[in-house]
Structure formats: C-alpha cells, structure tokens
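So the chains spell out like this:
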Amino acid sequence: LYITHEDHPDNIKDKLYRSVLLCTREQRMEMTGTAEGIKRLLSAEKVLQRRFTYLPMNRPGLTVEEVYATVQIANDKRKAETGKGYDLIIDDYPAKLTTERASKGNLQRRHIDEIIYGSYFTGMALDLNVHVLTAIQTNREGAKTNKQRGAGGRRLLAMEDVQESYGAMQTASNVISLNRDDQAEQNNRLTYHLCKTRSNNGNWSVVTKTRYDLCLLHGLDLDTVYYRGTATLDD
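Conventions adopted
Residues numbered from 1 in each chain as written. Predicted model: local features only at pLDDT ≥ 70, side-chain atom pairs only at ≥ 80, totals over all residues. Heavy atoms only, no water. Helix = DSSP H or I, 4+ residues; strand = E, 2+ residues; numbered from the N terminus. Rg over C-alpha atoms; globule rule 2.2 N^0.38 Å. Buried < 20%, exposed > 50% of the residue type's maximum accessible area, 1.4 Å probe, protein only. Contact = heavy atoms within 4.5 Å. Areas by Shrake-Rupley, 256 points an atom, 1.4 Å probe, with all protein chains shown as cover. Salt bridge = Lys/Arg side-chain N within 4 Å of Asp/Glu carboxyl O. Patch = residues over 30% accessible without salt bridge, like charges linked within 9 Å, V, L, I, M, F, W, Y side chains within 5 Å. Phe/Tyr/Trp six-rings, centres within 6.5 Å; stacked < 30°, edge-to-face > 60°. Axes fitted to C-alpha atoms, helices over the stretch in contact; angles between N-to-C directions. Parallel < 35°, antiparallel > 145°, perpendicular 65-115°, else oblique. Left-handed = near helix turned anticlockwise from the far one by under 90°. Nonpolar A, V, L, I, M, F, W, Y, C, P; charged D, E, K, R; others polar.

Chemist: Residues and numbers for the overall build of the protein chain, please.
Modeler: What the protein chain contains, in helices and strands, is eight helices and eight strands. For 235 residues, the compact-globule estimate of 2.2 N^0.38 gives 18 Å, and the protein chain sits close to it at 19 Å. The 235 residues of the protein chain split such that 37% are buried. Summarising the internal contacts of the protein chain: among those between residues at least 6 apart in sequence, 56% fall at separations of at least 24. For the protein chain, the exposed surface amounts to about 14,100 Å²; the carbon and sulfur share of it is 50%.

Right, dumping it as structure tokens:
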C-alpha cells in the first residue's frame, strides 16, 4: 500500500509504470501507439493491480488520524479479497501531516512528528503486523553534508542529521539514510547507509548504480558494492 501526500497522482502513476516496464517516459508514450506497446501496458497494469495499491492523500491539513483510519479500512478490504493484508505500507511522507492533538496550537513541530511517526506509524506496524516504510528529511546541515559542502567533511548521513524530530529515530526499528552528493549524481550512484537496526549489525553501506530515467534506484542488474562504515566511497 503506497500513500503519498505530495506530487501529482499522474506523475506518480507514470513513474510506477516506468519502473515496472523498465522504460523511459518517451518509450512509455510510444507504447500507446502500437498493439504490442498496449499489450505491455495492460500487462503492467495487471501486475500493479494484483500486487500494489496506490492511494494519493494530498489534502491540506490532513491528520494522521485520518490516514491511520484509511489504512485500516484498506488493509481490511485487502484481507477480505485475498485472505491476507498488505506486506508493506509506504507513506511519503508523514511530516506533511498534522494531528488532532495539535488543533489548539500548543505543540511544537518536533512533538507533532513524534506523535505521527512514533505513536501512529510505529503503532500501525505493530497493530497490523506489517512492515511500514516512512520518509523523513534531513536538517540544513545534513543537506549540506549530503552535497559535501558542509563542515562535516566527506561522510554519510547519520541519525543525528535528521530534521529536528529525533523522536522518530528512537521509535524506528531500522533507519536508512540515502546519500547522493554532486559527484554521485553525475555518475548515477546512490549510497544507502544502515544507521540503525534492531535485528542485526548496523553501520553497513551499500553503493549502487541508478537509472533514474527508468525510475530504478537499485536492482540485480545494476552494479553494487557494500562495505562497513560512514565514509563515502570514492571512485
């Protein structure tokens, strides 16, 4: 179950199709003009309908309570149709939400985020027995470090680089930072760093080639290397 709170739904759907079909935007547009292309598009649509639910929730002022209730309804519907609920719920991204507890204006943003990420999305994973993946932004210094322009030197983003809402880091079972400096962007690379895990050894980093034109950030057919530590991997 994939829930978004920003970007136009048509843009998201286009990226989903391109990721499944492994094609560029131009190639996807060309498919609509041939019988073989339409056949491929219909095949991708069947795959997405069977394995994937996209739910845009972009309304301003949306509360996490509304999202939580919507997820429960969607999961119950999925369970009724297939005998099993979702395996993975993705929300991009909860910091766009607010909470009914903040209706009186008596909570700071970090407290709101702690409620949203900790109480609701971590609770959702436990309550529904499902993996939950959420996104959160880095702070200003972290953004500079990610571009390798800050005083922190050449290193990967850590938990401490998160936007002021550190409570989200404390409740998460796993924390992964996405790192892409200017050089990595030019060379189509992305580094995932495992900042925290409760199930194994942490501090692992994975460098992978990317194909943004195909909406592909990692894959078995792309070059990948892994190592231990927070240093960046130069060419």
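Chemist: Before we move on, could you go through the pattern of salt bridges and cite the residues and values that matter?
Modeler: Scanning the entire structure with this criterion turns up 13 salt bridges. Overlapping salt bridges bring together Asp-14, Arg-18, Arg-25 and Arg-28 as one network.

Chemist: How would you sum up a nonpolar patch on the surface? Please name residues and give values.
Modeler: A cluster of nonpolar side chains, namely Trp-204, Val-206 and Tyr-226, defines an oily patch on the protein surface of about 310 Å² accessible area. With respect to the element layout, Tyr-226 can be found in strand β8 (residues 224-228). Relative accessible area serves as the criterion here: at 60%, Tyr-226 is assigned to the exposed category.

Chemist: Lay out the packing of aromatic side chains in plain terms, naming residues and giving numbers.
Modeler: Taken as a whole and assessed by the stated rule, the structure comprises four aromatic pairs. Aromatic side chains Tyr-2 and Tyr-54 sit 5.8 Å apart centroid to centroid with 35 degrees between the ring planes, which places their arrangement in the tilted category. Taken together, the residues span a long stretch of sequence, with Tyr-2 in strand β1 (residues 2-4) and Tyr-54 in strand β2 (residues 54-56) at a distance of 52 residues. One exposure class covers both Tyr-2 and Tyr-54, and it is buried. What links up through ring pairs into an aromatic cluster is the set Tyr-2, Phe-52 and Tyr-54.

Chemist: Before we move on, could you go through the packing of helix α4 (residues 64-82) against helix α5 (residues 109-128) and cite the residues and values that matter?
Modeler: At a minimum axis distance of 11 Å, the contact between α4 and α5 shows a crossing angle of 15 degrees. By the criterion of interaxial angle, the relationship of α4 to α5 is roughly parallel. In the crossing of α4 with α5, the sense of the turn from one axis to the other is right-handed. Packed against α4, whose contacting residues are Val-64, Glu-65, Val-67, Tyr-68, Val-71, Gln-72 and Asn-75, the element α5 presents Ile-116, Tyr-120, Phe-121, Gly-123, Met-124, Asp-127 and Leu-128 at the interface. Across the contact of α4 with α5, the residue classes break down as nine nonpolar, three polar and two charged.

Function cannot be inferred from these measures alone, as they are strictly geometric.
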